[in-house]
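The primary structure of each chain is shown beneath.
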Amino acid sequence: ITGVTRPNASQVFKNLKTTLSTLSEYDCKHYALTYDTDESTQLKKLLDESDLEIELHVIDPIVKSIGGHNGNNYRMFRCIELLGEKVKNLSSFDCILRHRIDCELTSIEIPSSIDKNCYYAPITPWGIVFDNIAIMSPDVFKKVFTTNDKSFGESDPHQALSNSILNASVEKEPLNFE
């Protein structure tokens, strides 16, 4: 789970609580990464005072600006990449469910079998994936969410993600969630 703690810590805490409840029927470990802000400090306090099992990583804001969308494409990929680097034994997981910290997950249809070379995400009719949620194998995660050898020149994060999937020679399948 990655992103900026917005609109505020209380809402993000509610999002995390709902998401963890939704995923409670699965054997999951939960990790999150966000920028160091007043809101993330409050979020850390809320998590420390709760029984939610989530490993929160707080990093200095990434100021490096590469490519389009005011550099946000690069920053999104870099945050996801950094969180992956912080997860011990990432390759040992059956799958990775990635979503934005400012979203809550109330239901999801997780495939019974995760194809080792497939990116499961909401897909537009014209083939672009949305950047808010996805399921994939650890290998696909590492291939898609890397900042190496990318220009990030796309106009939005959805296109940057779609191009990364294409360039990694990864298949796409639709994912249903609320």
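Our subject is the structure listed above.
Let me sum up the structure you'll find in this document. Every value quoted in this text rests on a predicted model; they were computed, and no experiment measured them. Per chain, residues are indexed from 1 in the order of the written sequence. Residue-level local features of this predicted model are given only where pLDDT is at least 70; pairs of side-chain atoms are given and counted only at 80 or more, and the full residue set underlies all totals for whole chains, interfaces and linings. Side-chain measures here rest on the full set of heavy atoms in the structure, leaving out hydrogens and waters.

Turning next to helix 3 (residues 72-86). With 15 residues, helix 3 extends 21 Å from end C-alpha to end C-alpha; this agrees with the ideal 21 Å at 1.5 Å per step. Relative accessibility under 20% of the residue-type maximum defines a buried residue, over 50% an exposed one, and the middle range a partly exposed one, all with a 1.4 Å probe and only protein chains included. The helix count covers DSSP runs of H or I at least four residues long, the strand count covers runs of E at least two residues long, and both are numbered beginning at the N terminus. For helix 3, a buried count of 12 out of 15 residues is recorded, marking the element as mostly surrounded by other parts of the structure. For helix 3, every residue scored as buried is listed here: Asn73, Tyr74, Arg75, Met76, Phe77, Arg78, Cys79, Ile80, Glu81, Leu82, Leu83 and Gly84. In what follows, a contact means two residues having at least one pair of non-hydrogen atoms within 4.5 Å. Tucked into the core, helix 3 has its buried residues touching strand 1 (31-35), strand 2 (55-59), strand 3 (96-99), helix 4 (138-144) and helix 5 (157-167). Working rule for helices: expected span equals 1.5 Å times residues minus one.

By definition here, a salt bridge exists when the distance from a side-chain nitrogen of Lys or Arg to a carboxyl oxygen of Asp or Glu is within 4 Å. By the definition in use, this model includes seven salt bridges. Between arginine 100 and aspartate 102 there is a salt bridge, and its shortest N-O distance comes to 2.8 Å. Among the ionic pairs, aspartate 131 bridges to arginine 100, the shortest N-O distance being 3.9 Å. With aspartate 131 in the loop between strand 4 (118-121) and strand 5 (133-136) and arginine 100 in the loop between strand 3 and strand 4, the pair connects residues that are 31 residues apart, well separated along the chain. Note on aspartate 131: relative accessible area 5%, which makes it buried. Where salt bridges share partners, they join Arg6, Arg100, Asp102 and Asp131 into one cluster.

Before going further, it helps to examine the sheet that holds strand 4. Spatial strand order, 3-5-4-6: four strands in an open sheet with mixed pairing. Edge positions in the sheet fall to strand 3 and strand 6 (171-174), since each of these pairs with one other strand and no more. Across the sheet, the mean angle separating the axes of adjacent strands is 25° when strand polarity is ignored. Following DSSP output, two strands are said to pair if at least two bridges run between them. In this structure, strand 4 lies alongside strand 6, joined through four bridges in parallel fashion. Each residue of the ladder has a partner; that of cysteine 118, found in strand 6, is glutamate 171. To define axes, lines are fitted to C-alpha atoms, for helices over the stretch in contact only, and angles between the resulting N-to-C directions are given on a 0 to 180 degree scale.

With respect to the helices, strands and loops of the structure, glutamate 154 is situated in the loop between helix 4 and helix 5. Despite being buried, glutamate 154 has no salt bridge partner; lysine 150 is the closest side chain of opposite charge, sitting 8.6 Å away. Only four residue types enter the charge count, namely Lys and Arg as positive and Asp and Glu as negative; His and the chain termini do not.

Nothing here speaks to function; it is all geometry.
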